[in-house]
Amino acid sequence: MAAVQTKTAVKGKPVALNGSGLVAQAMRQANPDVVAVYPITPQTLIVEAYSQFVADGVVTTELIHVESEHAALSACIGAAAAGARTHTATAGPGLALMWEVLYVASGMRLPIVMHMANRTFSAPLNILCDHSDTMGSRDSSWIQLYAENGQEAYDNALQAVRIAEHPDVLLPVMNCLDGYVLSHGTERAEILPDDVAQSFVGTYTPRYSLLD
């Protein structure tokens with residue numbers, strides 16, 4: 001008789017954080033090799049929180065400050081093509097500026113994770129939330145995950161890493177959370193123990209690398 005596998009539920013640590021802070025915690029646990037960033041509201045809180053982890057030496061990430069969102073994703077493409085676990089983050093018009101290279105990332109099957117604080121497109125200006133940014137990129141062959149609350153934003157951030165890097169997938173993933181509503185809203189959530197989260201995402205071994 002085959003052995004029966006059992007699953008043990010792991011209790012997370014309860015915290016009160018906004019969605020951006022929860023995503024940054026998931027990034028810390030995944031410890032990407034490279035994070036390329038350019039600030040844009042309402043996403044900036046994510047990379048501000050993560051940059052503090054870098055400054056404190058909590059992670060070993062190479063944090064790259066670039067001149068635009070187009071440059072941020074371009075840097076991620078280069079890093080991922082070289083075999084690095086790579087993340088970035090943006091929102092609304094920032095995603096629009098990345099448009100050209102969205103297709104490069106997916107066409108090259110690069111498992112980049114991009115955290116998206118959804119923000120509307122409008123004239124003359126609107127910084128509130130809708131999904132016109134990511135819905136516009138729906139056909140760019142990026143997998144898109146949407147969170148209903150901060151807990152899901154954290155969970156999806158970890159799942160995005162595993163999905164993107166799975167050898168049967170190898171596609172970039174957007175982890176989407178509503179701008180301001182979730183990115184800035186504080187709520188109760190649970191963060192997994194570091195060893196559990198790190199075991200879940202595992203160690204990334206690229207199938208292809210320009211350095212090989």
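Everything numeric here is computed off the predicted structure, so don't read it as measured data.

Can you help me understand the packing of helix 3 (residues 69–81) against helix 5 (residues 99–107) in this one?
Helix packing geometry: the angle between the two helix axes and the distance between the axes. At a closest axis distance of 9 Å, the pairing of helix 3 and helix 5 adopts a crossing angle of 15°. For the element pair helix 3 / helix 5, the angle class is roughly parallel. Crossing angle aside, the handedness with which helix 3 passes helix 5 is left-handed. Residues His70, Leu73, Ser74 and Ile77 of helix 3 form the contact with helix 5, whose own contacting residues are Glu100, Val101, Leu102, Val104 and Ala105. Looking at the contact of helix 3 with helix 5 residue by residue, the classes come out as six nonpolar, two polar and one charged.

Teacher, can you tell me more about the sheet that holds strand 2 (residues 34–37) here?
The pairing of strands in a sheet happens through backbone hydrogen bonds and is either parallel or antiparallel. With parallel pairing, the six strands of this open sheet are ordered in space as 3-2-4-5-7-6. The open sheet has two free edges, formed respectively by strand 3 (62–65) and strand 6 (143–146), since each of these has just one partner strand. The sheet shows a mean angle of 20° between the axes of neighbouring strands, direction not considered. One ladder, built from two bridges, connects strand 2 with strand 4 (residues 86–90); its direction is parallel. Along strand 4, the bridge assignment pairs Val35 with His87. Packed onto the sheet, helix 1 (residues 19–30) meets strand 2, strand 4, strand 5 (113–118) and strand 7 (173–178) and runs at close to 155° relative to strand 7.

How should I be thinking about unusual backbone geometry in this particular structure?
What is expected of a backbone is that most residues other than glycine have negative phi and most peptide bonds are trans. Of note, the amide linkage connecting Thr41 to Pro42 takes the cis form, showing an omega dihedral of 5°. With respect to the secondary-structure elements, Pro42 resides in the loop between strand 2 and helix 2 (44–55). In this model, Ala123 is joined to Pro124 through a cis peptide bond whose omega is 0°. Inspection of the secondary structure puts Pro124 in the loop between strand 5 and helix 6 (132–136). The phi dihedral of Arg109 falls on the positive side, at around 55°, and the residue is not glycine. By the element assignment, Arg109 lies in the loop between helix 5 and strand 5.

Sorry, what's going on with the pairing of strand 3 here?
Taken residue by residue, a regular strand's side chains alternate between the two faces of the sheet. With four bridges joining them, strand 2 and strand 3 adopt parallel strand pairing. The partner of Ala36 across the bridge, within strand 3, is Ile64.

Explain the packing of aromatic side chains to me, please; I cannot follow it from the model alone.
In total, this model carries one aromatic pair according to the counting rule given. Geometrically, the ring pair formed by Tyr50 and Phe53 is edge-to-face, given 6.2 Å between the ring centres and 80° between the ring planes. In this pair, Tyr50 and Phe53 are both assigned in helix 2, three residues apart and thus about one turn of the helix distant. There is no split in this pair, since Tyr50 and Phe53 are both buried. Against the face of Phe53 rests Arg28, its NZ or CZ located 5.9 Å from the ring centre.

Rules used in this analysis
- Residues numbered from 1 in each chain as written.
- Predicted model: local features only at pLDDT ≥ 70, side-chain atom pairs only at ≥ 80, totals over all residues.
- Heavy atoms only, no water.
- Axes fitted to C-alpha atoms, helices over the stretch in contact; angles between N-to-C directions.
- Helix = DSSP H or I, 4+ residues; strand = E, 2+ residues; numbered from the N terminus.
- Parallel < 35°, antiparallel > 145°, perpendicular 65-115°, else oblique.
- Left-handed = near helix turned anticlockwise from the far one by under 90°.
- Contact = heavy atoms within 4.5 Å.
- Nonpolar A, V, L, I, M, F, W, Y, C, P; charged D, E, K, R; others polar.
- Pairing = 2+ DSSP bridges.
- Phe/Tyr/Trp six-rings, centres within 6.5 Å; stacked < 30°, edge-to-face > 60°.
- Buried < 20%, exposed > 50% of the residue type's maximum accessible area, 1.4 Å probe, protein only.
- Lys NZ or Arg CZ within 6 Å of the ring centre and 35° of its normal.

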